[in-house]
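Chain by chain, the residues:
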Amino acid sequence: MCIFCSIIEGNIPSKKVYEDDETLAILDISQTTKGHTLVMPKKHYDNFLAMPSKEFGKLMEKTKDIAAKVTRNLDAKGCNILINTNEVAGQSVMHTHVHIIPRYDETDTVSFSFTENKLDLDEVLRQINQD
Ligand code: AMP
Ligand code: ZN
């Protein structure tokens, strides 16, 4: 059984932010920023691409409400919503989950950087739309 399934079953303790029949939200142990929260479906899916779209839609609706509450009540100025998909993208727990990372100022410890484009955009589009 995966670690998040064990948390959902109550076999590993967690700090619950929100729970209903289908969804569990817990504080991430790393607390990258104060209030860093993970929202997960109770049903195991390795990653969000494996979820039926309808279930993913429900998960994101709940994520939005939880993110609004966490951000508001912790006086954050914004948040990042992040889904790491597969190891190459940094996924370490193979039970899909959405990170809510509250943001307080530019000096907090989260950073993403996007590099300058060197690709032929028409060729990229051709590959994306090939089927
Ligand atoms: P990811 O790298 O996207 O798969 O994220 C997995 C996250 O789960 C990491 O941010 C970990 O800090 C977090 N995590 C791992 N074990 C636990 C746990 N027992 N309780 C809460 N969060 C956890
Ligand atoms: Zn699981």
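Heads up: the structure comes first, above all this text.
Note that this is a predicted model, so its numbers are computed, not measured.

Participant: Would you mind going over the side chain of K62 with me for this structure?
Facilitator: Structurally, K62 is set in helix α2 (residues 53–73). K62 gets classed as buried once you look at its relative accessible area, which sits at 17%. Within the local environment of K62, its side chain forms a polar contact with the side chain of T23, the two groups lying 3.1 Å apart. Each residue touching K62, except ones within four places of it in the same chain, is listed here: Y18, D20, E22 and T23.

Participant: Which parts of the structure should I look at to understand α2?
Facilitator: Since the α-helix turns once every 3.6 residues, residues separated by three or four places project in the same direction. Counted at 1.5 Å a residue, the expected span for α2 with its 21 residues is 30 Å, and the 30 Å between its end C-alpha atoms agrees. Taken as a whole, α2 has its buried residues at L59, K62, T63, I66, A67, V70 and T71. Buried residues of α2, seen end-on, are gathered within an arc of 165° and therefore sit on one face of the element. Opposite its buried face, α2 presents the exposed residues K54, E61, K64, D65 and R72, each directed more than 90 degrees away. Positive backbone phi, at 60°, marks D75, one or two positions downstream of α2.

Participant: In this structure, what is going on with the coordination of the zinc ion (ligand 2)? I would like to understand it.
Facilitator: Angles between donor atoms at a metal ideally measure 109.5 degrees for a four-coordinate tetrahedral arrangement and either 90 or 180 degrees for a six-coordinate octahedral one. Within the protein, the zinc ion (ligand 2) binds to C2 (SG), C5 (SG), H44 (ND1) and H95 (ND1); these donor distances fall in the range 2.1 to 2.3 Å. With 4 donor atoms in place around the zinc ion (ligand 2) and angles of 101 to 118° between them, the coordination shape is tetrahedral.

Participant: Would you mind going over the site of ligand 1 with me for this structure?
Facilitator: As a structural note, the neighbourhood of ligand 1 is formed by 16 residues, with D28, N84, G90, S92 and H99 the closest of them. Residue D28 places a side-chain N or O atom 2.6 Å away from an oxygen atom belonging to ligand 1. H97 places a side-chain nitrogen or oxygen 2.9 Å from an oxygen atom of ligand 1. For ligand 1, whose unbound accessible area comes to 510 Å², protein coverage reaches 84%. Counting atoms within 2 Å of the grid points, the majority share of ligand 1 lands in the largest pocket. Contributing elements (two or more residues each) for the shell around ligand 1: α1 (3–9) and β2 (23–27). Per-element accounting of the shell around ligand 1 gives the leading share, 3 residues, to α1.

Participant: Is there a simple way to think about the packing of aromatic side chains in this case?
Facilitator: Describing an aromatic ring pair means giving the distance of the ring centres and the angle of the ring planes. Enumeration over the complete set of coordinates arrives at 1 aromatic pair. Considering the side-chain rings of F48 and F56, the 5.0 Å spacing of their centres and the 35° angle between planes classify their relative orientation as tilted. Since its relative accessible area comes to 25%, F48 is described here as partly exposed.

Participant: Explain the pairing of β2 here, please?
Facilitator: When a strand is regular, its side chains alternate between the sheet's two faces. Within β2, 4 of the 5 residues are buried, which leaves the element mostly enclosed by the surrounding structure. Inspection of the sheet shows strand β1 (residues 16–19) paired to β2 by 3 bridges, in the antiparallel sense. Residue pairing in the sheet places Y18 in a bridge with A25 of β2. Bridge count between β2 and strand β3 (residues 37–41): 5 bridges; the pairing is antiparallel. Looking at the pairing, A25 lines up with V39 of β3.

Cut-off values and rules
- Residues numbered from 1 in each chain as written.
- Chains lettered and ligands numbered in written order.
- Predicted model: local features only at pLDDT ≥ 70, side-chain atom pairs only at ≥ 80, totals over all residues.
- Heavy atoms only, no water.
- Helix = DSSP H or I, 4+ residues; strand = E, 2+ residues; numbered from the N terminus.
- Buried < 20%, exposed > 50% of the residue type's maximum accessible area, 1.4 Å probe, protein only.
- Polar contact = N/O pair within 3.5 Å; in protein donor to acceptor, adjacent residues only side chain to side chain.
- Contact = heavy atoms within 4.5 Å.
- Expected span 1.5 Å × (residues − 1).
- Arc of directions from axis to C-beta.
- Donors = N, O, S within 2.8 Å, 3.2 Å for Na, K, Ca; no water.
- Tetrahedral: all angles 85-135°; square planar, octahedral: opposite > 155°, others 65-115°.
- Near = heavy atom within 4 Å.
- Areas by Shrake-Rupley, 256 points an atom, 1.4 Å probe, with all protein chains shown as cover.
- 1 Å grid on protein atoms, 1.4 Å probe; cavity = no way out; pocket = protein on both sides within 12 Å on 5 of 7 lines; lining within 4 Å.
- Sits in = over half its atoms within 2 Å of the grid points.
- Phe/Tyr/Trp six-rings, centres within 6.5 Å; stacked < 30°, edge-to-face > 60°.
- Pairing = 2+ DSSP bridges.

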